[in-house]
Amino acid sequence: MKYIFGPINSRRFGLSLGIDLSPEVKSCNFDCLYCELEAAKPVDKISQPPSVEEIVQEVEWLLLKEPAIDVITITSNGEPTLYPDLEKLVDALNMIKGDKKLLILSNAATITDLNIQSIFQKIDIVKLSLDCVTQACFQKIDRPLNGIKIDKIIEGMKLFSKRFTHTLVIEVLVVEGINDKKVEMLALNEVLQEIKPSRIDLGTIDRPPAYQVKAVSSEKLKSLSSYFKRLPISIIHKEMPKIKVDFDEKAILETLRRRPQSQSDIDYLFSDSAKAILQKLMITNQVIQQNIAGVIFYSETKRILSK
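Below you will find a few notes about this structure. (Residues numbered from 1 in each chain as written. Predicted model: local features only at pLDDT ≥ 70, side-chain atom pairs only at ≥ 80, totals over all residues. Heavy atoms only, no water.)

### Examining helix H1 (residues 52-65)
Compared with the 20 Å implied by 1.5 Å per residue over 14 residues, the 20 Å span of H1 between its first and last C-alpha is a close match. Every buried residue of H1 is accounted for by Val52, Ile55, Val56, Glu58, Val59, Leu62 and Leu63. Considered in projection along H1, the buried side chains sweep an arc of 160° and stay on one side of the axis. Opposite the packed face of H1, turned more than 90 degrees from it, sit the exposed residues Gln57, Leu64 and Lys65. (Helix = DSSP H or I, 4+ residues; strand = E, 2+ residues; numbered from the N terminus. Expected span 1.5 Å × (residues − 1). Buried < 20%, exposed > 50% of the residue type's maximum accessible area, 1.4 Å probe, protein only. Arc of directions from axis to C-beta.)

Structure representation (structure tokens):
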């Protein structure tokens, strides 16, 4: 297979079949410090893009072989929205996907383009990156192609989110010493309150990066998550804590009242006894479980009903 890979078990989206729209070379309008691909000058197009027919043929073959796939993921060695036949590909995949979800992983640089927004409307799950909301931080961490401005991206996200009827996921990747500051998180929170995504994935570097930058700890991610108010945040934990917490019923409800906890949060911090109490709270309907784009969240029932 030349253009597809997997299936792989994604912690955030389930069993995923990946489609790489630029298998030969990195083609991206960003050169992010944390990228797992080698550093490369930003570009505005994919060189030698594969044909839609070749991609669809490979996807059809694998769907027959692996029927248990949850999502078909459009990605790239770079930015998939630079693919010139993206709309044709999305239409073709929607014709053959059956009960699978169609997902795209984008850095959001082209969300300012109304044509891209229209294509995204045909996709079940759209995941966009937003690491910073100030231009200085954006330039430093994402290293975009000249002319790309974060304020324009934000306005594009706001407009798109108002019209989008499916699942919108925003990914925030934290790099030590750059966007791990309170001022950046508070500014990000203000923007996210307006975008209102279905889910926020808060993570850090977990693969060798293109440049000499460092990840933050899971404890730091947990601390930074407190700056996001009334938003469903899934923390992508890199490691487990040494000590689990024996939350009682009151502490669990107070925690869920402030912020829904993902299954990853529960596994990361809750002791076995705290997990047992959580299950009892679900049985008595004081806590509700929700599936948001493949990630399980626990929320206080009153919090959901009051929205």
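### A short note on the packing of aromatic side chains
In this structure the tally under the stated criterion is three aromatic pairs. Taken together, a centroid distance of 5.5 Å and an interplanar angle of 75° make the contact between Phe30 and Phe138 edge-to-face. One end of the pair, Phe30, is in the loop between strand S2 (14-20) and H1; the other, Phe138, is in helix H4 (residues 135-142), and 108 residues separate them in sequence. Grouping aromatic residues by their ring pairs yields a cluster made of Phe120, Phe160 and Phe164. (Phe/Tyr/Trp six-rings, centres within 6.5 Å; stacked < 30°, edge-to-face > 60°.)

### Digging into empty space enclosed by the protein
Within this structure, the stated rule accounts for one cavity of 30 Å³ or more. Its volume calculated, the largest cavity comes out at about 50 Å³. As for the largest cavity, its lining consists of Phe30, Asn107, Ser129, Leu130, Asp131, Cys132, Phe138, Asp142, Ile150 and Ile153. When residues of the lining of the largest cavity are traced back to their parent elements, those giving at least two are H4 and helix H5 (150-163). (1 Å grid on protein atoms, 1.4 Å probe; cavity = no way out; pocket = protein on both sides within 12 Å on 5 of 7 lines; lining within 4 Å. Points joined across faces, edges and corners; volume = space filled by probe spheres on them.)

### Some points on the layout of surface pockets
A volume near 1300 Å³ is recorded for the largest pocket. Around the largest pocket, the lining is made up of 47 residues, and of these Arg12, Glu36, Leu105, Glu171 and Arg207 lie nearest the centre. Contributing elements (two or more residues each) for the lining of the largest pocket: strand S1 (4-10), S2, strand S3 (71-75), strand S4 (101-106), strand S5 (125-129), strand S6 (167-174) and strand S7 (199-204). Here the residues of the lining of the largest pocket sort into 17 nonpolar, 15 polar and 15 charged. (Nonpolar A, V, L, I, M, F, W, Y, C, P; charged D, E, K, R; others polar.)

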